[in-house]
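# Fold and contact review
Residues per chain, in single letters:
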2 protein chains.
Amino acid sequence: MEFKVNSKELEKLLNRVFPAVPTRTPMPVLENFVFEINDNLLTVSASDLEISLKSSLGVVADGNLSILVPAKLLYDIVRTLHDTTINFEVADHKKLTMTTDKGEYILSYTDIGDYPEIPSFPEDGSFEDDPDYGQISLKSEDLKYALEKTSFAVSKEEMRPAMMGVLFEFTPDGLRFVATDGHRLVNLLLKSASVENQSRYIVPEKAINVLLKILNEGEFTMNLSKTHISFRLENIELITRLIAHKYPDYSSVIPMENEFKMKVKTSELQSSIKRMMLFSHSNTRRVKFSINSDSIEISAEDIDIGASGREKIFCEYSGEAMEIGFNSQYVNEMLAHSGSEEELIFSLQNPTKAVLVEPVENREDQELLMLLMPVRLNT
Amino acid sequence: MEFKVNSKELEKLLNRVFPAVPTRTPMPVLENFVFEINDNLLTVSASDLEISLKSSLGVVADGNLSILVPAKLLYDIVRTLHDTTINFEVADHKKLTMTTDKGEYILSYTDIGDYPEIPSFPEDGSFEDDPDYGQISLKSEDLKYALEKTSFAVSKEEMRPAMMGVLFEFTPDGLRFVATDGHRLVNLLLKSASVENQSRYIVPEKAINVLLKILNEGEFTMNLSKTHISFRLENIELITRLIAHKYPDYSSVIPMENEFKMKVKTSELQSSIKRMMLFSHSNTRRVKFSINSDSIEISAEDIDIGASGREKIFCEYSGEAMEIGFNSQYVNEMLAHSGSEEELIFSLQNPTKAVLVEPVENREDQELLMLLMPVRLNT
């Protein structure tokens, strides 16, 4: 059985699918691409059991096919080829021969055998009657924006698996994205998106990271089920397992009565925080905010190395003078991910209560709310 | 005692000197910058005992000074500052206070104490009478070119310390650079450079790597002694310890009677080698060259994974048909470092003898000769 494909087209295809190939896995079979040809359509897929990627390309084939090909070796070979036609010959005794105008390359392929099944969703969304399913189309740039704003706050702690992903919550107001690790929380509502089915899905971090790479322009379709979500883009489909745990009740931790408002320029605050991180103790990472009506003094000290720093920046503050401590790294990450917001409002109550951080003005179609837990100053 | 300096000027200065600060060292004192002020000239130096870097800047000071300042912390602070004036105040009880328009930063400094002495050479080359000393001026780009062509072949084997650097050999014909690890050798003669003193110096790899970063345009002065070389550039001086071992007699391994000449296009050969590396066995890295009068077939095989490849490229060959094996990684590195040479001549004798590789035409002021040991085909 033979098929022909252009090297550069194949390279692009493999490049899209390769991120799902696990680098270290106890299941060596996952180190392969699945190559399937049906009626001159080559579909290449890869999976690490959590996420799968799938992409297709028209080829000239004299039959159908379904085999496993060593992913890294094939990808590396194709990447180093110039723009040429590759003729694939799939022979018995597991030899896959690739021939170009320059040379001949022989790989061992294997049968599809015990490769795990990759879940699939019907192309036409034909599960409308099933209450567990949903389908929604969104702008790629909207999802990308939402994931960029939220994903940094995802927990790395395997003890709390529910928090190791971003919550996608469909509500009557729109699609809400929530991420938290217990120290900070980001809650972003995209009003433009709505779906009839009102459900919650926790998308694991790996899928978020791959999505951030493959999302660019245009629209995509999300297919939702109880156990999986598929993101179908123009030329690639990502299917991810969902985290099957209950997401914590994040709304109960969002304080309602933080009446002291502090307005500050994002870039000024971040510039100071970056320097103060250098002085914060490597264990606590603590910085102190001493807030007055028109300025914040930000300070940090590492007594182990005998170094300290303090800086003053302008703010507009309506409340009682207050000293409050934060983990400088969390403040910095939060500011880095609200980079497009010129000014932020901090809503405070007292040095032990969660602080709300919001943009002075939300974009028309969003509501962004961040939450930061303070740290104790006297330890 | 106080001095003032512009933050961006200081940042550039520290950036030049920082590469000499060791990242891990059993001597914590080396993790400092030496700050010396004499008559409003600030000189900052750092050393890892092998190499030292030194650079100066005019400042406004009310006295002289000689202290140690934590290198990484100071560099990190200065890097994050905007363009401003920093006022340094050196107080008793080891406190160094930096004040800007934005804030105040306090570091602990220490006395110069047991910081190792950095060797120095007289500015005016005033050691002409001493036969052990020499001074030479060269174009920075010439040295950079020579080090780029040779340094990749330096040995990493601590058992053969003499080969862990690049040999600088002053000869009546010019300045010769040699590097070898026993598997390959590069020998580059720069005819433009000459010096009366005819000596050999082995410059360690770390110094070479730093030189490659700091060399750019203009001239530099090399001061030579038995134990150290100093490279004095426009705004920085690198002083390196020399490797105090005898360099092997490289000329005895350069074959004289390799009469079979093979001419090949560098880029074509390299493109093939890169693909064949993927098929070469991870232990031996072996590729086979099957050479005929007008073509080379390059092939490799990894029987462990059942993969193999072969390609044919054009050549002009005058000798008997020959099969010869090489370490593909060594061939690739050699080709990568002769990238500016369009065509190369391989001079061969038989499959067990060293192969000479030379450009078809040398640049006017250079003679470049590379040597590659073959590997056995039947193991």
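Calculation criteria
- Residues numbered from 1 in each chain as written.
- Chains lettered and ligands numbered in written order.
- Predicted model: local features only at pLDDT ≥ 70, side-chain atom pairs only at ≥ 80, totals over all residues.
- Heavy atoms only, no water.
- Pairing = 2+ DSSP bridges.
- Helix = DSSP H or I, 4+ residues; strand = E, 2+ residues; numbered from the N terminus.
- pLDDT = per-residue confidence, 0-100.
- Salt bridge = Lys/Arg side-chain N within 4 Å of Asp/Glu carboxyl O.
- Buried < 20%, exposed > 50% of the residue type's maximum accessible area, 1.4 Å probe, protein only.
- Least-squares fit on C-alpha atoms with pLDDT ≥ 70 in both.
- Contact = heavy atoms within 4.5 Å.
- Axes fitted to C-alpha atoms, helices over the stretch in contact; angles between N-to-C directions.
- Polar contact = N/O pair within 3.5 Å; in protein donor to acceptor, adjacent residues only side chain to side chain.

### So, the sheet that holds strand 18 (residues 237-241) of chain B
Residues and elements named next belong to chain B. Spatial strand order, 10-6-2-3-4-18-17-16-11: nine strands in an open sheet with antiparallel pairing. Strands at the two margins of the open sheet, each flanked by one partner only, are strand 10 (110-111) and strand 11 (134-139). Across four bridges, strand 4 (residues 51-58) lies against strand 18 in antiparallel orientation. Within strand 18, the residue paired with K54 across the bridge is E237.

### As for the confidence of the model for chain A
All names here are of chain A. Predicted confidence across chain A gives a mean pLDDT of 93, with 96% of residues reaching 70 or more. Within chain A, strand 20 (residues 286-291) carries the highest mean pLDDT (98), whereas strand 11 (residues 134-139) carries the lowest (88). Quick note on the complex model: pTM equals 0.89, ipTM equals 0.87.

### Section: the pattern of salt bridges
One pass over the structure, following the stated rule, counts 39 salt bridges over all chains. Between R310(A) and E104(B) there is a salt bridge whose closest N-O contact spans 3.1 Å. Residue R310(A) is found in strand 22 (residues 307-314), and its partner E104(B) is found in strand 9 (residues 103-108); the two belong to separate chains. Overall, E104(B) belongs to the partly exposed group, its relative accessible area being 22%. With a shortest N-O distance of 2.7 Å, D48(B) and K206(B) are connected by a salt bridge. Linking D48(B) in the loop between strand 3 (41-47) and strand 4 with K206(B) in helix 4 (residues 205-214), this pair joins segments that are 158 residues apart in sequence. For D48(B), a relative accessible area of 18% puts it in the buried group. With relative accessibility at 29%, the residue K206(B) sits in the partly exposed group. Among the ionic contacts, a cluster of salt bridges with common partners joins K72(A), D76(A) and R79(A).

### Some thoughts on the relation of the copies chain A and chain B
Of the two same-sequence chains, chain A is brought onto chain B (RMSD 0.0 Å, axial shift 0.0 Å) by a rotation of 180 degrees. The transformation relating the two chain copies, once decomposed into turn and shift, fits a two-fold axis. Most of the interface of chain A is mirrored in chain B, where 100% of its interface residues are also at the interface.

### Remarks on the sheet that holds strand 9 of chain B
Note: strands within a sheet are paired through backbone hydrogen bonds, in either parallel or antiparallel orientation. Pairing within the open sheet is antiparallel, and its nine strands lie in the order 24(A)-20(A)-21(A)-22(A)-9(B)-8(B)-7(B)-1(B)-5(B). In this open sheet, the two edge strands, each paired with only one partner strand, are strand 24 (322-327) of chain A together with strand 5 (60-61) of chain B. Bridge analysis of strand 22 of chain A against strand 9 of chain B gives four bridges, and the strand direction is antiparallel. The residue of strand 9 of chain B that forms the bridge with S308(A) is I106(B). Across the sheet, helix 1 (residues 7-17) of chain B touches strand 1 (2-6) and strand 7 (85-90) of chain B, and the angle it forms with strand 1 of chain B is around 85 degrees.

### Things to note about the environment of I236(B)
Residues and elements named next belong to chain B. Within the fold, I236 resides in the loop between strand 17 (228-232) and strand 18. Classification of I236 by relative accessible area gives buried; the value is 4%. Taking the C-alpha atoms as reference, I236 lies 9.9 Å from L215; in sequence the two are 21 residues apart. Contact partners of I236, with chain neighbours within four places excluded, come to R16, V17, L53, K54, S55, I214 and F231.

### A look at the side chain of E169(B)
Residue and element names in this part refer to chain B. Counting through the fold element by element, E169 comes out in strand 12 (residues 165-171). A relative accessible area of 12% places E169 in the buried class. For E169, the side chain forms a polar contact with the side chain of R200, separated by 3.1 Å. Excluding its chain neighbours within four sequence positions, the residues that come into contact with E169 are G174, L175, R176, S199, R200 and Y250.

### What to know about the pairing of strand 27 (residues 366-372) of chain A
In regular strands, side chains alternate between the two faces of the sheet. Residues and elements named next belong to chain A. Where burial is concerned, most of strand 27 is hidden: six out of the seven residues are buried. Strand direction decides the pairing type here: strand 14 (residues 184-190) and strand 27, joined by seven bridges, are antiparallel. Looking at the pairing, V186 lines up with M370 of strand 27. Across three bridges, the pairing between strand 26 (residues 355-359) and strand 27 is antiparallel.

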